[in-house]
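Structural features, examined
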Amino acid sequence: MAETLTIRGDLELLARAGHLFSSVREELVCAARDVGTWPRPGAREAARERMRNGGTQQVRKLFSASALADERSRAHLKEVVAMGAQVRIAATALPHETIVIDRRYAILAGPHLPGGREYTVTTEPNLVGGVHTLFTAAWEAATDLGAFLRGEHPHLDDGGRRVLRTLASGATDETAARELGMSLRTYRRRVAELLAALDADSRFQAGVRVGELGLSG
């Protein structure tokens, strides 16, 4: 039977939901601001143990850039990748931190409060599915950890930056082509080239990638 619980504090989370971390079979996805978001050592160590034993088919972890603030955190993320997880850095700070286990359970962390954090644990299918969908959207717009650390930024020439400005302005293709003094066909070709350079599947994703990589029009 679907259930949603509000849990107060890390100790209660570990006592009432800690077993979920060791129950992962197929997929664990996690979005967090930094590597210390979730209570330790209990929940975090249980999930890592599952990874070491090869009991989880897919692990995806999404972090804000603040997770790379110190060398210890960077070393931890590299260790997680070495154990088989996929790690990406989000384009912007993550307002909602969450874990989804096998698309059956979702754990959402509330804000830090003087009395401790509150967590929402749910098995309600629509809520779990919605959280997973939001995670996937943020994941698709994020940068692989290795690429982020290497600082791999695509090169945009002046023409590419002008096209980028028109995309950001929201102008129609016809208006943008006219402003740039090129044919509609040429403009759309340049947009396609820009999407390819940014490794983006859509104009919206291109905008996200621009913010993520610190580029500007």
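Look up a bit, the structure's there.
Residues numbered from 1 in each chain as written. Predicted model: local features only at pLDDT ≥ 70, side-chain atom pairs only at ≥ 80, totals over all residues. Heavy atoms only, no water.

Brief notes about the pattern of salt bridges
Pairing between side chains of opposite charge can happen when the charged atoms of each approach one another. Put simply, the rule reads: For this document, the term salt bridge refers to a Lys or Arg side-chain nitrogen within 4 Å of an Asp or Glu carboxyl oxygen. Every helix listed is a DSSP run of H or I at least four residues long, and every strand listed is a run of E at least two residues long, numbered separately from the N terminus.
If you walk through the whole model with that rule in mind, you get 8 salt bridges. Across the pair Glu118 and Arg8 runs a salt bridge, and its minimum N-O distance is 3.1 Å. Separated by 110 residues along the polypeptide, Glu118 in strand S7 (residues 118–122) and Arg8 in strand S1 (residues 4–8) bring together distant segments of the chain. Where Glu12 meets Arg16, a salt bridge forms, and the shortest distance between an N and an O atom there is 3.0 Å.

Considerations on the pairing of strand S2 (residues 27–32)
Strand residues, when the strand is regular, have side chains that alternate between the two faces of the sheet. The test is simple: For every residue, the accessible area obtained with a 1.4 Å probe (protein chains only) is divided by the maximum for its type, and the residue is called buried under 20%, exposed over 50%, and partly exposed between those limits. When DSSP finds at least two bridges between two strands, those strands are taken to pair.
A large share of S2 lies buried, amounting to 6 of its 6 residues. Because side chains alternate across S2, one face comprises the buried residues Glu27, Val29 and Ala31, and the other comprises Leu28, Cys30 and Ala32, equally buried. Pairing of S2 with strand S5 (residues 97–101) involves 4 bridges; the strand directions are antiparallel. Considered in S5, the bridge of Ala31 is made with Thr98.

Points about the packing of aromatic side chains
For clarity, the cut-off: Whether two aromatic rings pair depends on their centres lying within 6.5 Å, for rings of Phe, Tyr and Trp, where Trp uses its six-membered ring; planes under 30 degrees apart make the pair stacked, over 60 edge-to-face, and the rest tilted. Put simply, a charge is over a ring when the Lys NZ or the Arg CZ is close to the ring centre, within 6 Å, and near the line of the ring normal, within 35 degrees.
Applying the stated criterion across every chain, the model contains 1 aromatic pair. Taking the centre distance of 5.8 Å and the plane angle of 25° together, the rings of Phe135 and Trp139 count as stacked. Taken as a pair, Phe135 and Trp139 lie in helix H4 (residues 125–140) at a separation of 4 residues, close to a single helical turn. Against the face of Trp139 rests Arg60, its NZ or CZ located 5.4 Å from the ring centre.

Bear in mind that shape data such as this cannot, by itself, settle questions of function.
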